[in-house]
Amino acid sequence: NDDFDIITSFGFENQLLKQYDLERNYQIVGDIYLENFGNYDNVEKTQNNKNRTLFSEYFQGNYRFSKIEITAGFRFDSYSDFGQTLNPRVGIIYKPLKSLHFKGLFAQAFRAPTFKELYDNTTIGNEYGVKGNEELKPETITTLEFAAEFIKKKIVLKLTSFYSENLNLIDIYDPNGNGGIGQYKNIGNTKNIGYATDIILKIADNLNFTGNFSQYFELFEWNLTAVRRSFVVYFDKEPKCNKYLLNAPSIRANAGLFYSYSRFDFFAGGNYRNKSENNKRFYLEDERHVDIPFSLQGNFSVGYRFKKNINIRVSANNIGKKYSDPDESTNINVFGTKGMIQPIETYLLTVNYKF
C-alpha cells in the first residue's frame, strides 16, 4: 500500500573456471629466455575446473508512518564452498520537523574469497610473486551510521558519523618477512571510525556553493593464528599511534562555486587530501619509509548555451600535483619515497547537441 513496500529477489550463480592454462616464452627460475612458449617452470594448474555455486535471497520492507520511515531486511547466501551466511540491514529516518531529519543505519555484509585469492599461483617465480591460499575465510563487515540533516530554502547542512568493524581481511602477506614470495591470508581485523560534513548554500539565485569535509581513523590488529609471532611482538611494542593504518589520506575536503549569468555558467572548485605514509605493522613496513605529500587540485569550467540545443564547454581538471597512495605491500617504496606522480592537468573542449 502507500505506506508499506516489500522487495524480494532470488538468485542463482555458478562460477566455473572451465579452462585454464599458462605458457611463457621464458623460464622464471634462472631468468632464461626461450624461443617457444611453454610451462617451463612447471606451474601447477590447480585452479583448472574449480567450481562454485551460490544461492541467494534478498528481502527488504520499507514502512512509512507519520514522521518515521523504517527500512529493514536481510540477504541470505549459500555458498557451496563457504557455507551459509545471513546479513541483516536496518535503517530508520525520523523527521521531527520539516527542515530537520535524523537517520540511523545498522548493516552487515559478507565477501567470499575470489578464485584468484584461493588458487592462483601464476605469478610465482624464483624470488617474487603471490600464491593463492585455499584455507582463506570470508571477509565480514558490520557498520553503524548516524546522520543529521538540516534543510532550508537556501541551505542544506549534513553531518554523518560512522563506525565499522572488518573481520578476516584478505590481503597479500609475506610469510618470511623479506619482501619475497607472498600469499593471500586473513591477515587481521580493522575498526574504522569517522565523520563527514556537507553543505549546499544558495548564496543568490544564480550563485551556489558546495563543500564537504571528511576524516576517518582505521585501527588494525593482526590475526594471531595467521601471521608470524615476531610481527605481533613488534606491533605490540610500538607506540599506540602506529597501530593505525596510514597508507591512505585520512582527511579529504572538496569545495566549489557555481555561477550562471545569461547564457554563461562558471564553475571553480578544489580538492584537498592530507599526506599518507607507510604503515608500521612490522619491521619491514617500518623500514621502507614513504612520505606522500598532501595534494591540492583545482577544477574549472566555463559553459555557453549557444542555442537551445547546443552547449559549448571548456574545462580544466586536476590542476596541481598529486602522488599515488602507497599500497600495503613491502614494496611500498618501489616508486620512491613520494610514490608515483599521477596524471594531472586535463583540458577539454566539449560540444553537446540535442536532437
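Every value quoted in this text rests on a predicted model; they were computed, and no experiment measured them.

Chemist: Whenever I open this one, the overall build of the protein chain confuses me. Can you help?
Modeler: Along the backbone of the protein chain there are 3 helices and 19 strands. Relative to the compact-globule value of 20 Å for 355 residues, the protein chain shows a C-alpha radius of gyration of 26 Å, a clear excess of over 25%. In terms of its C-alpha atoms, the protein chain occupies a principal-axis envelope of roughly 70 × 55 × 50 Å. Buried residues in the protein chain amount to 32% of all 355 residues. Within the protein chain, contacts between residues separated by at least 24 positions form 60% of all contacts whose residues are at least 6 apart in sequence. Here the protein chain has roughly 21700 Å² of accessible surface; of this, 57% comes from carbon and sulfur atoms.

Chemist: What am I meant to see in a nonpolar patch on the surface here?
Modeler: A surface patch of nonpolar side chains, amounting to about 860 Å² of accessible area, comprises Phe4, Ile6, Phe59, Tyr63, Phe65, Ile68, Ile70, Val90, Ile92 and Tyr94. When residues of the nonpolar patch are traced back to their parent elements, those giving at least two are strand 1 (4–16), strand 4 (51–65), strand 5 (68–79) and strand 6 (83–97). On the secondary structure map, isoleucine 68 appears in strand 5. A residue is classified by how much of its surface remains accessible, and isoleucine 68, at 36% relative accessible area, is partly exposed.

Chemist: For this particular structure, what's the right way to read the pattern of salt bridges?
Modeler: Two side chains that carry opposite charge are able to pair once their charged atoms sit near each other. Taken as a whole and assessed by the stated rule, the structure comprises 10 salt bridges. In this structure, arginine 52 engages aspartate 81 in a salt bridge whose closest nitrogen and oxygen atoms are separated by 2.8 Å. Residue arginine 52 is found in strand 4, and its partner aspartate 81 is found in the loop between strand 5 and strand 6; the two are separated by 29 residues along the sequence. On the basis of relative accessible area, arginine 52 is assigned to the buried category, the value being 4%. Where lysine 243 meets aspartate 236, a salt bridge forms, and the shortest distance between an N and an O atom there is 3.9 Å. If you follow the salt bridges from partner to partner, you end up with Arg111, Glu117 and Glu139 in one network.

Chemist: Just to check I follow, could you spell out the packing of aromatic side chains for this structure?
Modeler: The description of two aromatic rings rests on the distance between their centres and on the angle between their planes. On inspection of all chains with the given rule, the structure shows 25 aromatic pairs. Aromatic side chains tyrosine 259 and phenylalanine 266 sit 6.2 Å apart centroid to centroid with 25° between the ring planes, which places their arrangement in the stacked category. Among the aromatic side chains, those forming a connected cluster through ring pairs are Tyr173, Phe220, Trp222, Phe231, Phe235, Phe282 and Tyr283. If you follow lysine 243 out to its NZ or CZ, it ends over the ring of phenylalanine 235, 5.5 Å from the centre. Across from the ring centre of phenylalanine 220, 4.8 Å away, lies the NZ or CZ of arginine 281, which sits over that ring.

Chemist: Would you mind going over helix 2 (residues 229–237) with me for this structure?
Modeler: Two residues of an α-helix separated by three or four positions point the same way, owing to the 3.6 residues in each turn. Buried residues of helix 2: Phe231, Val232, Tyr234 and Phe235, and no others. The arc that holds the buried residues of helix 2, viewed along the axis, is 165°, so those residues lie on one side. In helix 2, the exposed residues that point more than 90 degrees away from the buried face are Arg229 and Lys237. On the buried face of helix 2, the contacting elements are strand 10 (155–173), strand 12 (207–222) and helix 3 (283–287).

Chemist: Whenever I open this one, the side chain of asparagine 87 confuses me. Can you help?
Modeler: Position of asparagine 87 relative to the elements: it lies in strand 6. One polar contact links asparagine 87 to threonine 85, side chain to side chain, over a distance of 3.1 Å. In this structure asparagine 87 touches Gly73, Phe74, Arg75, Gln108, Ala109 and Phe110, once residues within four positions along its chain are discounted.

Chemist: Help me understand unusual backbone geometry in this model?
Modeler: For residues besides glycine, phi is generally negative; the peptide bonds are generally trans as well. For asparagine 168, which is not a glycine, the phi torsion comes out positive at approximately 60°. As for its position among the elements, asparagine 168 is in strand 10. Asparagine 168 sits in the partly exposed class, given a relative accessible area of 22%. Phi angles above zero are rare outside glycine, and asparagine 318 is one such case at about 55°.

Chemist: Looking at this structure, I do not really get the environment of asparagine 62. What am I missing?
Modeler: Relative to the helices and strands, asparagine 62 resides in strand 4. C-alpha of asparagine 62 to C-alpha of aspartate 5: the two residues are 57 residues apart in sequence and 5.1 Å apart in space. Beyond its immediate sequence surroundings of up to four residues, asparagine 62 is in contact with Asp3, Phe4, Asp5, Glu69, Ile70 and Thr71. Within the structure, the side chain of asparagine 62 is placed 3.4 Å from the side chain of glutamate 69, a separation counted as a polar contact. At 2.8 Å, the side chain of asparagine 62 forms a polar contact with the side chain of threonine 71.

Chemist: Would you take a moment to explain the side chain of asparagine 166 for this structure?
Modeler: Relative to the helices and strands, asparagine 166 resides in strand 10. Using a relative accessible area of 13% as the deciding quantity, one classes asparagine 166 as buried. Not counting residues up to four positions away in its chain, the partners in contact with asparagine 166 are Thr140, Ile141, Asn189, Thr190 and Asn192.

Chemist: Honestly, the nonpolar core in this entry has me stumped. Any pointers?
Modeler: Across soluble globular proteins, you tend to see nonpolar side chains buried next to one another. Tyr173, Ile187, Phe220, Trp222, Val227, Phe231 and Phe282 are the most contacted members of the largest nonpolar core, which has 13 residues in total. Elements with a contribution of two residues or more to this core: strand 12 and helix 2. With 4 residues, helix 2 is the single largest residue contributor to this core. Beyond its immediate sequence surroundings of up to four residues, valine 227 is in contact with Tyr173, Ile187, Trp222 and Val232. With 7 residues, the next largest nonpolar core counts Phe115, Val130, Leu136 and Ile170 among its residues.

Conventions we followed
- Residues numbered from 1 in each chain as written.
- Predicted model: local features only at pLDDT ≥ 70, side-chain atom pairs only at ≥ 80, totals over all residues.
- Heavy atoms only, no water.
- Helix = DSSP H or I, 4+ residues; strand = E, 2+ residues; numbered from the N terminus.
- Rg over C-alpha atoms; globule rule 2.2 N^0.38 Å.
- Buried < 20%, exposed > 50% of the residue type's maximum accessible area, 1.4 Å probe, protein only.
- Contact = heavy atoms within 4.5 Å.
- Areas by Shrake-Rupley, 256 points an atom, 1.4 Å probe, with all protein chains shown as cover.
- Patch = residues over 30% accessible without salt bridge, like charges linked within 9 Å, V, L, I, M, F, W, Y side chains within 5 Å.
- Salt bridge = Lys/Arg side-chain N within 4 Å of Asp/Glu carboxyl O.
- Phe/Tyr/Trp six-rings, centres within 6.5 Å; stacked < 30°, edge-to-face > 60°.
- Lys NZ or Arg CZ within 6 Å of the ring centre and 35° of its normal.
- Arc of directions from axis to C-beta.
- Polar contact = N/O pair within 3.5 Å; in protein donor to acceptor, adjacent residues only side chain to side chain.
- Core = buried A, V, L, I, M, F, W, Y, C linked by side-chain atoms within 4.5 Å.

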